[in-house]
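Analysis of the macromolecular model
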Amino acid sequence: MIPVAEPSLGEEELANVTEAVKSGWISSKGRFIEEFENEFAKYCGVKYGVATSNGTVTLHLALKALGIEAGDEVIVPDLTFVATANVVTYCNARPVFVDSHPQYWCVDPEKIEEKITPKTKAIMPVHLYGHPCDMGMILEIAEDYDLYVVEDAAESHGAEYKGKRVGSFGEINCFSFYGNKIISTGEGGMCVTKDEELAGKMRILRDHGMNPNKRYWYDVVGYNYRMTNLQAAIGVAQLRKLDRFVEKKREIARLYEEGLSELAERGLIKLQPEMAWAKCVYWMYCILIEDKFGRSRNELMKKLEENGIETRPFFYPMHLIPPYESNKAFPAAEQISREGINLPSAVGLKEEEIKFILEKVKSG
Ligand SMILES: *Cc1c(COP(=O)(O)O)cnc(C)c1O
């Protein structure tokens, strides 16, 4: 099977993990954690990093540190991975969904304002499948209505909006290092922020709420959301390769684009977009299968699977899954979700493999 995604690990990761094991620092203290936090925050253009056990808890930690609580509303794209919505629910707050931009699939900034109420406290833009959101418009709305911004950048390490890296726009911004993400620590995540006070709050909440100056004294209810030194050891090595991985993802995207441009011109499929103001990192290369293609999206996925090619369908829109079911209209998200598939995009993908995949897609 040619996988949709797989981590790319080498001698550098192995050397760091070996060092961590030999040192005995395998739990949530050790030199790699601080190094990973500092270096990754710097990569995003901000000062503070708070490493955690996974990407989902980064989002929860961010909302908790910002004081999101029962009765609050948080703006979330309808088309996202379920964790973005769930973390709002964990705070006993309510996710309020907004439709996708039909052209680049992320939250449509034109449709945010109509969803804002006196209860709205924050906007969580998700840089979907590696494409950044329109952060200029989102920050303007946030300023007008005095809302926090928490970027969910789990799928977009290294992506840029107008030349500025994602992770640098909101009050707190969140990354995942799950096995299929652009860089991985197995499980893992990081909150990044410019704000020293918020970073401090998150460190406390990450460690059961323990007062940093008084052991076993808790002013608030916290969590165990810590990252281990073993995870950070892998993260430090992965981060050094991130620019190379992003270049490789973009190269893979160019090869798919070249190979599929004719189908796109004939209106049989749509290619993953990259807006003029965006640098997309193509976490997973995506295409939309149009009616004219002749085979349905699911039929094409089945055919590719029979040929040893793994693909994934797009996420379901949040308003269609049971916990968040509603009959409100999200036409763009529904259509994109119904038509979209992720093609193999691992950084280890070979050119011959891409040629083989292209052949199978093009033969209909
Ligand atoms: C992967 C992902 C997460 C969650 O990250 P985990 O590390 O798997 O918990 C959150 N949001 C989005 C958009 C993701 O793709």
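Parameters at a glance
Residues numbered from 1 in each chain as written. Predicted model: local features only at pLDDT ≥ 70, side-chain atom pairs only at ≥ 80, totals over all residues. Heavy atoms only, no water. 1 Å grid on protein atoms, 1.4 Å probe; cavity = no way out; pocket = protein on both sides within 12 Å on 5 of 7 lines; lining within 4 Å. Points joined across faces, edges and corners; volume = space filled by probe spheres on them. Nonpolar A, V, L, I, M, F, W, Y, C, P; charged D, E, K, R; others polar. Domains from an automatic or database assignment. Helix = DSSP H or I, 4+ residues; strand = E, 2+ residues; numbered from the N terminus. Contact = heavy atoms within 4.5 Å. Buried < 20%, exposed > 50% of the residue type's maximum accessible area, 1.4 Å probe, protein only. Pairing = 2+ DSSP bridges. Right-handed = clockwise from strand over helix to strand, strands pointing away. Salt bridge = Lys/Arg side-chain N within 4 Å of Asp/Glu carboxyl O. Axes fitted to C-alpha atoms, helices over the stretch in contact; angles between N-to-C directions. Parallel < 35°, antiparallel > 145°, perpendicular 65-115°, else oblique. Left-handed = near helix turned anticlockwise from the far one by under 90°. Phe/Tyr/Trp six-rings, centres within 6.5 Å; stacked < 30°, edge-to-face > 60°. Lys NZ or Arg CZ within 6 Å of the ring centre and 35° of its normal.

Glancing now at empty space enclosed by the protein. Scanning the model with the defined rule gives one cavity of 30 Å³ or more in all. Residue classes in the lining of the largest cavity are distributed as six nonpolar, five polar and three charged. Counting only domains with at least three residues in the lining of the largest cavity, you end up with domain 1 (11-98 + 108-241) and domain 2 (243-362).

Mapping phenylalanine 245 onto the fold places it in helix H7 (residues 229-265). With 101 residues separating them in the primary sequence, phenylalanine 245 and alanine 346 have C-alpha atoms 9.1 Å apart. The residues contacting phenylalanine 245, other than those within four sequence positions of it, are Ser8, Ile182, Ile183, Gln238 and Val347.

It is worth spelling out the pairing of strand S2 (residues 73-77) at this point. As a general feature of sheets, a regular strand has side chains that alternate between the two faces. Buried residues dominate S2, accounting for five of its five residues. Strand direction decides the pairing type here: S2 and strand S3 (residues 94-98), joined by five bridges, are parallel. Bridge pairing links isoleucine 75 to valine 96 in S3. Viewed along the sheet, the connection from S2 through helix H4 (residues 82-90) into S3 turns out right-handed. Here S2 pairs with strand S4 (residues 120-123) via three bridges, running parallel. Residue pairing across strands places glutamate 73 opposite threonine 120, the latter belonging to S4.

With that settled, the discussion passes to the sheet that holds strand S13 (residues 312-313). In a beta sheet, neighbouring strands are held together by backbone hydrogen bonds and run either parallel or antiparallel to one another. Read across the sheet, four strands follow the order S10-S12-S14-S13 without closing on themselves; strand pairing throughout is antiparallel. With partners counted over all chains shown, the strands left at the sheet margins are strand S10 (269-271) and S13, one partner each. Inspection of the sheet shows S13 paired to strand S14 (residues 340-342) by two bridges, in the antiparallel sense. Across the sheet, residue arginine 312 finds its bridge partner in S14, namely asparagine 342.

Moving on to the pattern of salt bridges. Counted by the stated rule, this structure contains 20 salt bridges. Across the pair aspartate 243 and arginine 165 runs a salt bridge, and its minimum N-O distance is 3.7 Å. One end of the pair, aspartate 243, is in helix H7; the other, arginine 165, is in strand S7 (residues 164-165), and 78 residues separate them in sequence. Note that glutamate 262 and arginine 266 form a salt bridge whose closest N and O atoms lie 3.3 Å from each other. Several salt bridges converge on common partners, so that one network encompasses Glu19, Arg31, Glu35 and Arg240.

Another point: the packing of H7 against helix H10 (residues 351-362). For the pair H7 and H10, interaxial distance at closest approach is 10 Å and the crossing angle is 25 degrees. Taken together, the axes of H7 and H10 lie roughly parallel to each other. Of the two elements, H7 crosses H10, and the hand of that crossing is right-handed. Across from Ile252, Leu255, Tyr256, Gly259, Leu260 and Leu263 in H7, the residues of H10 making contact are Glu351, Ile354, Ile357, Leu358, Val361 and Lys362.

In total, this model carries 17 aromatic pairs according to the counting rule given. Between tyrosine 256 and tyrosine 285, the ring centres sit 5.0 Å apart and the planes meet at 20 degrees, which makes this aromatic pair stacked. Taken as a pair, tyrosine 256 in helix H7 and tyrosine 285 in the loop between strand S11 (278-279) and strand S12 (286-289) lie far apart in primary sequence, 29 residues in all. An identical accessibility class is assigned to tyrosine 256 and tyrosine 285; each is buried. Pairwise contacts between aromatic rings join Phe81, Trp105, Tyr129, Trp283, Phe314 and Phe315 into one cluster. A cation over a ring is seen here: arginine 165 above tyrosine 43, with NZ or CZ 3.8 Å from the ring centre. We note lysine 214 situated over the ring of tryptophan 217; from NZ or CZ to the ring centre the distance is 4.2 Å.

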